[in-house]
Amino acid sequence: MTQDKTLSGLIQRANQLKKLDDQLQMCLPSQVKGLCHLANIKGETAVFVCYTQMEASKIRMYSRSILQIMQTEFKISVKKLQLKVELKR
């Protein structure tokens, strides 16, 4: 029973993050739309996944804008971005 609740909570969280990512993508500067995806929010850190180092570098250049969008448009109090590069299979 506890496992079901845990799994259910994880699925709910994943769905919330996906929905937030979909909305965030629409607000991102056009230069970085689709280059990264919101993977998690841990405390004051937003974790994004990129698929190449080049994409991650571009996201870093726009990190202030992305943080500002998250704070003003979505009322999420994040203060830093963490980027993870995950190679496409």
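Data block above holds the structure.
Because the structure is predicted, anything quoted here is derived from the model rather than measured. (Residues numbered from 1 in each chain as written. Predicted model: local features only at pLDDT ≥ 70, side-chain atom pairs only at ≥ 80, totals over all residues. Heavy atoms only, no water.)

A. Main features of the environment of Ala56. With respect to the element layout, Ala56 can be found in helix H2 (residues 53–61). Counting along the chain gives 45 residues from Ala56 to Ile11, while the straight-line C-alpha distance between them is 27 Å. (Helix = DSSP H or I, 4+ residues; strand = E, 2+ residues; numbered from the N terminus.)

B. How the structure looks around the sheet that holds strand S2 (residues 45–50). Across the sheet, which stays open at both edges, the three strands sit in the order S1-S2-S3 with mixed pairing between neighbours. A strand with exactly one partner marks an edge of an open sheet, and here the two such strands are strand S1 (36–42) and strand S3 (80–85). The average undirected angle you get between the axes of adjacent strands in this sheet is 30 degrees. Packed on one face of the sheet, H2 meets S1, S2 and S3 and runs near 170 degrees to S3. Strands in contact with helix H3 (residues 63–72) are S1, S2 and S3; relative to S3, the strand with the most contacts, it is inclined by about 120 degrees. (Pairing = 2+ DSSP bridges. Axes fitted to C-alpha atoms, helices over the stretch in contact; angles between N-to-C directions. Contact = heavy atoms within 4.5 Å.)

C. How the structure looks around the side chain of Gln25. Mapped onto the fold, Gln25 is located in helix H1 (residues 2–27). Overall, Gln25 belongs to the buried group, its relative accessible area being 13%. A polar atom in the side chain of Gln25 sits 2.7 Å from the backbone oxygen of Cys36. Leaving out residues up to four positions away in the same chain, Gln25 has contacts with Lys33, Gly34, Cys36 and His37. (Buried < 20%, exposed > 50% of the residue type's maximum accessible area, 1.4 Å probe, protein only. Polar contact = N/O pair within 3.5 Å; in protein donor to acceptor, adjacent residues only side chain to side chain.)

D. Spatial organisation of the nonpolar core. Leu38, Ile41, Phe48, Ile59, Ile66 and Met70 are the most contacted members of the largest nonpolar core, which totals 24 residues. Elements represented by at least two residues in this core include exactly H1, S1, S2, H2, H3 and S3. Broken down by element, this core gets its largest block of residues, four residues, from H3. Not counting residues within four places of it along the chain, the set of residues in contact with Phe48 comprises Leu24, Cys36, His37, Leu38, Ala39, Ile66, Met70, Leu81, Gln82, Leu83 and Lys84. (Core = buried A, V, L, I, M, F, W, Y, C linked by side-chain atoms within 4.5 Å.)

E. Broad picture of the pattern of salt bridges. Tallied over the entire structure, the rule returns two salt bridges. Here Lys18 and Asp22 are joined by a salt bridge, their closest N and O atoms 2.7 Å apart. Taken together, the residues span about one helical turn, with Lys18 and Asp22 both in helix H1 at a distance of four residues. The exposure class of Lys18 is partly exposed, given its relative accessible area of 48%. (Salt bridge = Lys/Arg side-chain N within 4 Å of Asp/Glu carboxyl O.)

F. Expanded view of a nonpolar patch on the surface. A cluster of nonpolar side chains, contributed by Leu7, Leu10 and Ile11, occupies part of the molecular surface with about 300 Å² of accessible area. Take Leu10: it is sitting in helix H1. (Patch = residues over 30% accessible without salt bridge, like charges linked within 9 Å, V, L, I, M, F, W, Y side chains within 5 Å. Areas by Shrake-Rupley, 256 points an atom, 1.4 Å probe, with all protein chains shown as cover.)

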